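Read off the chains here:
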Amino acid sequence: MELVFATNNAHKLEEVQQMVGNRFSIKSLADISCFDDIPETGNTFEDNAKQKTNYLVEKYHVNCFADDSGLEIEALGGEPGVYSARYSGSRDMEQNIDLVLEKLNAETNRNARFKTVISLFLNNQQYFFQGIVEGKIIEVRTGTKGFGYDPVFIPNGFDKTFAEMTLEEKNKISHRSIAVGKLVEFLNS
Ligand code: IMP
């Protein structure tokens, strides 16, 4: 069965394809000739992920799934949340991290979590899968690997940031792999 993943990120596609085996053929947006800028205007990760699958269902009538992720900081009432990629008004992650550190200046509650929500639309049914990794925001960027807020996030139970972990280490515990794991378990059941 074909299942469209609302992404063109080759790495994400390969990861999911490998995990589901050959019962499902995972297609990218490019594979179905979708080159649209799919709207993501929701207030929650659920809304955004669902908005993406709804768009594909309405326009292409396909079985599909979409993910949406971000960072939620307790002392900032859950910000940056759905605005994680452009919190400062820019997509420049240096500026986004600067803004987070500035807002947390002198704040002792450094609790934060990364969250991923996957929306799956399969045979006319809507499903959601969620992955969360809890941790802390540190004061000074540490590490050079990864992307986004990785240099300032230390997951609970570890003494290094996501940006100091290899991709393999991060993938064992990340919000995204937890959510993808739940999706794959469901598809394989
Ligand atoms: P997306 O929905 O996966 O594109 O994630 C949206 C934004 O959340 C990214 O642009 C990053 O700023 C942030 N983000 C999501 N996942 C991670 C992660 O694993 N590490 C660091 N930042 C992340």
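Here the structure is a predicted model, which means the values were calculated and not measured.

What follows covers the environment of Ile38. With respect to the helices and strands, Ile38 occurs in the loop between strand S2 (25-27) and helix H2 (45-60). Along the backbone, Ile38 and Tyr55 are 17 residues apart, and their C-alpha atoms lie at a distance of 7.3 Å. Those residues in contact with Ile38 that lie beyond four places of it in its chain are Leu29, Lys52, Tyr55 and Leu56.

Across the sheet, six strands lie side by side as S2-S1-S3-S4-S5-S6; this open sheet has mixed pairing. At either end of the open sheet lies a strand with only one pairing partner, and these are S2 and strand S6 (153-155). Mean inter-strand twist for the sheet, computed between neighbouring axes without regard to direction, equals 35 degrees. Looking at chain direction, strand S1 (residues 2-5) and strand S3 (residues 64-73) are connected through two bridges and run parallel. Note that in S3 the partner of Val4 across the bridge is Cys64.

With respect to spatial proximity, 15 residues lie near the ligand, and among them Ser69, Asp150, Lys170, His175 and Arg176 are the closest. The side chain of Asp68 places a nitrogen or oxygen atom 3.4 Å from an oxygen atom of the ligand. Within the side chain of Lys170, one N or O atom sits 2.8 Å away from an oxygen atom of the ligand. Burial of the ligand by the surrounding chains reaches 85%, relative to a free accessible area of 480 Å². Listing elements by their share of the shell around the ligand, those giving two or more residues are S3 and helix H5 (175-188). The element that contributes the greatest number of residues to the shell around the ligand is S3, accounting for three residues. Looking at the shell around the ligand, its residues break down into five nonpolar, five polar and five charged.

Cut-offs applied
Each residue is numbered by its place in its chain's sequence as written, counting from 1. Totals for whole chains, interfaces and linings use all residues, but because this is a predicted model, local features are given only for residues with pLDDT of at least 70 and pairs of side-chain atoms are given and counted only at 80 or more. Each side-chain value is derived from all of the structure's non-hydrogen atoms; neither hydrogens nor water enter the calculation. Labels follow the DSSP assignment, with helices taken as runs of H or I lasting at least four residues and strands as runs of E lasting at least two, numbered in each case from the N terminus. Whether two residues touch is decided by their heavy atoms; if any such pair falls within 4.5 Å, the residues are in contact. Strand pairing follows a simple DSSP-based rule, namely that at least 2 bridges must link the two strands. Angular values range over 0 to 180 degrees, each being the angle between N-to-C directions of two axes fitted as lines to C-alpha atoms, with helices fitted over their stretch in contact. The near set for a molecule or strand comprises every residue that places at least one heavy atom within 4 Å of it. For the purposes of these results, a polar contact is taken to be a pair of N or O atoms within 3.5 Å, where, inside protein, one atom must be able to donate a hydrogen and its partner to accept one; residues adjacent in sequence count only when each atom of the pair is a side-chain atom. Computed with the Shrake-Rupley method and a 1.4 Å probe, the accessible areas treat only the protein chains shown as cover for residues. Residues are grouped as follows: Ala, Val, Leu, Ile, Met, Phe, Trp, Tyr, Cys and Pro are nonpolar; Asp, Glu, Lys and Arg are charged; every other residue, Gly included, is polar.

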